[in-house]
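Commentary on secondary and tertiary structure
So the chains spell out like this:
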Amino acid sequence: LDIINNAKTKFENLETGMHGHLLKEIKSLDHLVKMKAGFLPGEVDIVGWAETEIDASVEECVSWDYQISRAKNNAFESKGGIVREITKLSPHSQINRSVYDLTGIATIHPREWVGTSVWMWDTDAHEKCFTASAPYVDESLFPTSNTFVRATMQFLTSYEKLKPAGELPRTKVTLRAQ
């Protein structure tokens, strides 16, 4: 679970801490989603932040995000996904290899992401859950290929239980990615 703790340390100051002023609000296509983007000092990759409230329980949100379904596979393929391999390490962790053809232009190689994804509850009260991913660097499982360009991404998503709207459970979902 070092992946979650490292991601929390990296991203913890984005919203309210010493780096909070570095993220500038950007327009979301969905009026229910707040978004920001910016750069951390000394880093060249952009950081994205998004937050919304979902009419579902924390468990439903995490399982939708973490599990692969037929609908998610169809969406993957419709967005240029050409290869997806999931290797389960434990009930709380998996390695996800995804390859996307982002342009459809034969001379531009598809991009390949290989990351370790984990999830955990923040406390035994199950009020907040985290999922995180970090680049997987062990070449023995997924060696670098000349066919794809290896890309990297780190993210942290938090799912926080909110007060229900009548009988309807609610969850605040916050994504931070770089």
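Computed from a predicted model, the values in this text were never measured in an experiment.

Section: the side chain of Thr131
Considering the arrangement of structural elements, one finds Thr131 in strand β7 (residues 128-135). Once you skip the residues sitting within four places of it in the chain, Thr131 turns out to touch Val62, Asp65, Tyr66, Val118, Trp119, Phe155, Leu156, Thr157 and Tyr159.

Remarks on unusual backbone geometry
Despite not being glycine, His126 has its phi angle at roughly 55°, a positive value. Note that His126 resides in the loop between β6 (111-121) and β7. Classification of His126 by relative accessible area gives partly exposed; the value is 34%.

Quick word on the pattern of salt bridges
Think of it this way: side chains of opposite charge can pair up when their charged atoms draw near. Per the counting criterion, the structure on display carries nine salt bridges. For Glu112, the salt bridge goes to Arg150, with nearest N and O atoms at 2.9 Å. One end of the pair, Glu112, is in strand β6; the other, Arg150, is in strand β8 (residues 149-151), and 38 residues separate them in sequence. Owing to a relative accessible area of 26%, Arg150 belongs among the partly exposed residues under this scheme. A salt bridge links Glu160 to Lys172, with the nearest nitrogen and oxygen atoms 3.9 Å apart. Of this pair, Glu160 sits in strand β9 (residues 155-165) while Lys172 sits in strand β10 (residues 168-177), and the two are 12 residues apart along the sequence. A network of salt bridges, in which partner residues are shared, links Glu85, Arg97, Glu112 and Arg150.

Parameters and conventions
Residues numbered from 1 in each chain as written. Predicted model: local features only at pLDDT ≥ 70, side-chain atom pairs only at ≥ 80, totals over all residues. Heavy atoms only, no water. Helix = DSSP H or I, 4+ residues; strand = E, 2+ residues; numbered from the N terminus. Contact = heavy atoms within 4.5 Å. Buried < 20%, exposed > 50% of the residue type's maximum accessible area, 1.4 Å probe, protein only. Salt bridge = Lys/Arg side-chain N within 4 Å of Asp/Glu carboxyl O.

As far as function goes, none of this settles anything; it's purely spatial.
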